[in-house]
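Observations on the three-dimensional arrangement
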Amino acid sequence: MPRSIKKGPFVDQSLYNKITEALGSGGRKPVKTWSRRSTILPEFVGANVMVHNGNKFIPIYVTENMVGHKFGEFAPTRTFKGHAADKRGRR
């Protein structure tokens with residue numbers, strides 16, 4: 001469930017500052033973040049962000065379709081390797 005409209009979307013202030021600074025300078029250097037809980041704002045469109053998934057950083061290019069979602073949605077934490085029944089082979 002999203003936050004109330006009165007409170008507004010949550011974004012870590014340090015992450016907001018880093019992304020706006022990176023977009024303002026025109027550089028394409030990605031911004032590293034551990035803040036998977038932060039909401040993607042319209043000001044972030046066009047930014048390169050590297051989101052930590054608990055093991056490594058996943059590179060993400062922010063597009064218009066991502067606005068309103070969380071950064072963690074685009075950096076999966078688990079690797080699905082298939083079901084055990086599929087590995088045995090069928091007879």
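The model shown is predicted, which means the values in this text are computed figures rather than measured ones.

Once that is clear, we can look at the overall build of the chain. A tally of helices and strands in the chain yields 2 helices and 3 strands. Tracing the chain from N to C terminus, the helices and strands come up as α-β-β-β-α. For 91 residues, the compact-globule estimate of 2.2 N^0.38 gives 12 Å, and the C-alpha radius of gyration of the chain, at 17 Å, exceeds that figure by more than 25%. A principal-axis box enclosing the C-alpha atoms of the chain has dimensions of 60 × 35 × 20 Å. Each of the 91 residues in the chain was classed as buried or not, and the buried ones make up 29%. Taking the contacts inside the chain whose residues are at least 6 apart along the sequence as the reference set, 42% of them involve residues at least 24 apart. Put simply, the chain shows about 7000 Å² of open surface, and 53% of that area lies on carbon and sulfur atoms.

Inspection of the entire model under this criterion finds 3 aromatic pairs. Between the aromatic rings of tyrosine 16 and phenylalanine 44, the centroid separation amounts to 5.9 Å while the plane-to-plane angle is 50 degrees, which identifies the pairing as tilted. Within this pair, whereas tyrosine 16 is found in helix H1 (residues 13-25), its partner phenylalanine 44 is found in the loop between strand S1 (31-33) and strand S2 (48-52), the two being separated by 28 residues in sequence. With a relative accessible area of 27%, tyrosine 16 lands in the partly exposed category. By relative accessible area, which is 0% here, phenylalanine 44 ends up buried. An aromatic cluster is present here, built from Tyr16, Phe44 and Phe71 joined pairwise through their rings.

Here H1 is 13 residues long and its end C-alpha atoms lie 18 Å apart, about the 18 Å a rise of 1.5 Å per residue gives. Its buried side turned inward, H1 meets S1 and S2. Phi turns positive, to about 80 degrees, at glycine 26, one or two residues after H1.

A word on empty space enclosed by the protein. Considering all chains together, one arrives at 1 cavity of 30 Å³ or more under this definition. Roughly 60 Å³ of internal volume is contained in the largest cavity. Together, Ile19, Ala22, Leu23, Gly27, Arg28, Lys29, Val31, Gly46, Ala47 and Asn48 line the largest cavity. A class-by-class count of the residues in the lining of the largest cavity yields 5 nonpolar, 3 polar and 2 charged.

The rules behind the values
Residues numbered from 1 in each chain as written. Predicted model: local features only at pLDDT ≥ 70, side-chain atom pairs only at ≥ 80, totals over all residues. Heavy atoms only, no water. Helix = DSSP H or I, 4+ residues; strand = E, 2+ residues; numbered from the N terminus. Rg over C-alpha atoms; globule rule 2.2 N^0.38 Å. Buried < 20%, exposed > 50% of the residue type's maximum accessible area, 1.4 Å probe, protein only. Contact = heavy atoms within 4.5 Å. Areas by Shrake-Rupley, 256 points an atom, 1.4 Å probe, with all protein chains shown as cover. Phe/Tyr/Trp six-rings, centres within 6.5 Å; stacked < 30°, edge-to-face > 60°. Expected span 1.5 Å × (residues − 1). 1 Å grid on protein atoms, 1.4 Å probe; cavity = no way out; pocket = protein on both sides within 12 Å on 5 of 7 lines; lining within 4 Å. Points joined across faces, edges and corners; volume = space filled by probe spheres on them. Nonpolar A, V, L, I, M, F, W, Y, C, P; charged D, E, K, R; others polar.

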